[in-house]
Amino acid sequence: SKRESPEYSRKAKPLVRRGGYIIADNTLWDGHVTDPAYDRDAQTCGVRLFNDMVAADPEVEQVMVPLRDGLTLIRKL
């Protein structure tokens, strides 16, 4: 479930070596991540939190590809 994406990220990151990648899909969540109508949707909130965590993490660099529902490539520094 998308609401568990932040927890998956916390668990996956220590398993990835420096220079390794994590690839996350559905990070734009059909545009719901920017739509206030979905502010109370648990799935959307999970995707938003995941995106915010990745964006704020100084131990990774990332790029979000606006392909379909969004694809984020995360490289551990």
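Everything numeric here is computed off the predicted structure, so don't read it as measured data.

The rules we used
Counting restarts for each chain, with residues numbered from 1 along the sequence as it is written. Two thresholds apply to this predicted model, a pLDDT of at least 70 for residue-level local features and 80 or more for giving and counting side-chain atom pairs, whereas whole-chain, interface and lining totals are computed over all residues. Hydrogens and water molecules were not included; the side-chain quantities draw on all heavy atoms of the structure. Strand pairing is assigned whenever DSSP detects at least two bridges linking the two strands. Numbering of helices and strands runs from the N terminus, with a helix taken as a DSSP run of H or I at least four residues long and a strand as a DSSP run of E at least two residues long. Lines are fitted to the C-alpha atoms to define the axes, a helix being fitted only along its stretch in contact, and any angle between axes, read from their N-to-C directions, falls within 0 to 180 degrees. Contact definition: two residues touch when any of their heavy atoms are within 4.5 Å. What pLDDT reports is the predictor's confidence in each residue, on a scale of 0 through 100. Each residue after the first adds 1.5 Å to the expected span of a helix. When accessible area is computed with a 1.4 Å probe and restricted to protein chains, residues below 20% of their type maximum are described as buried, those above 50% as exposed, and intermediate ones as partly exposed. Here the arc refers to the directions that run from the helix axis out to each C-beta atom. For this analysis, a salt bridge means a side-chain nitrogen from Lys or Arg found within 4 Å of a carboxyl oxygen belonging to Asp or Glu.

On the basis of which strands lie adjacent, the open sheet formed by three strands has the order 1-3-2 and antiparallel pairing. Here the strands that pair on one side only, and so sit at the sheet edges, are strand 1 (21–25) and strand 2 (60–65). For this sheet, the mean inter-axis angle between neighbouring strands, taken without regard to orientation, is 15 degrees. As paired elements, strand 2 and strand 3 (residues 71–76) share six bridges and run antiparallel to each other. By the bridge assignment, Met-64 is partnered in strand 3 with Thr-72. The strands that helix 2 (residues 42–56) touches are strand 1, strand 2 and strand 3; relative to strand 2, the one it contacts most, it runs at about 135 degrees.

Detail in the predicted coordinates should be disregarded across regions flagged by low pLDDT. Per-residue pLDDT for the protein chain has a mean of 95; in total, 100% of the residues score no lower than 70. Model confidence for the protein chain, summarised as mean pLDDT per element, is weakest for helix 1 (residues 5–12) at 91 and strongest for strand 2 at 98.

This brings us to helix 2. The end-to-end C-alpha separation of helix 2 is 21 Å, in line with the 21 Å expected for 15 residues at 1.5 Å each. Residues of helix 2 that are buried include every one of Thr-44, Gly-46, Val-47, Arg-48, Phe-50, Asn-51 and Val-54, and no others. For helix 2, the elements touching its buried residues are helix 1, strand 1, strand 2 and strand 3.

The next subject is helix 1. All of the buried residues along helix 1 are Ser-5, Pro-6 and Ser-9. All buried residues of helix 1 fall inside an arc of 100 degrees around its axis, so they share one side. Where the residues of helix 1 are buried, they touch helix 2.

The next point concerns the pattern of salt bridges. The final tally for this structure, using the stated rule, is six salt bridges. Between Asp-57 and Lys-13 there is a salt bridge, with its nearest N and O atoms 2.6 Å apart. Taken together, the positions of Asp-57 in the loop between helix 2 and strand 2 and Lys-13 in the loop between helix 1 and strand 1 put the pair 44 residues apart, joining distant regions of the chain. The residues Asp-57 and Lys-13 share a single accessibility class, namely buried. The partner of Glu-59 in a salt bridge is Lys-13, and the shortest N-O contact between them spans 2.6 Å.

The next thing to look at is the environment of Gly-20. Secondary-structure assignment places Gly-20 in the loop between helix 1 and strand 1. Look at Gly-20 and you get buried, because its relative accessible area is 14%. Between the C-alpha atom of Gly-20 and that of Arg-48, which follows or precedes it by 28 residues, the distance is 23 Å.

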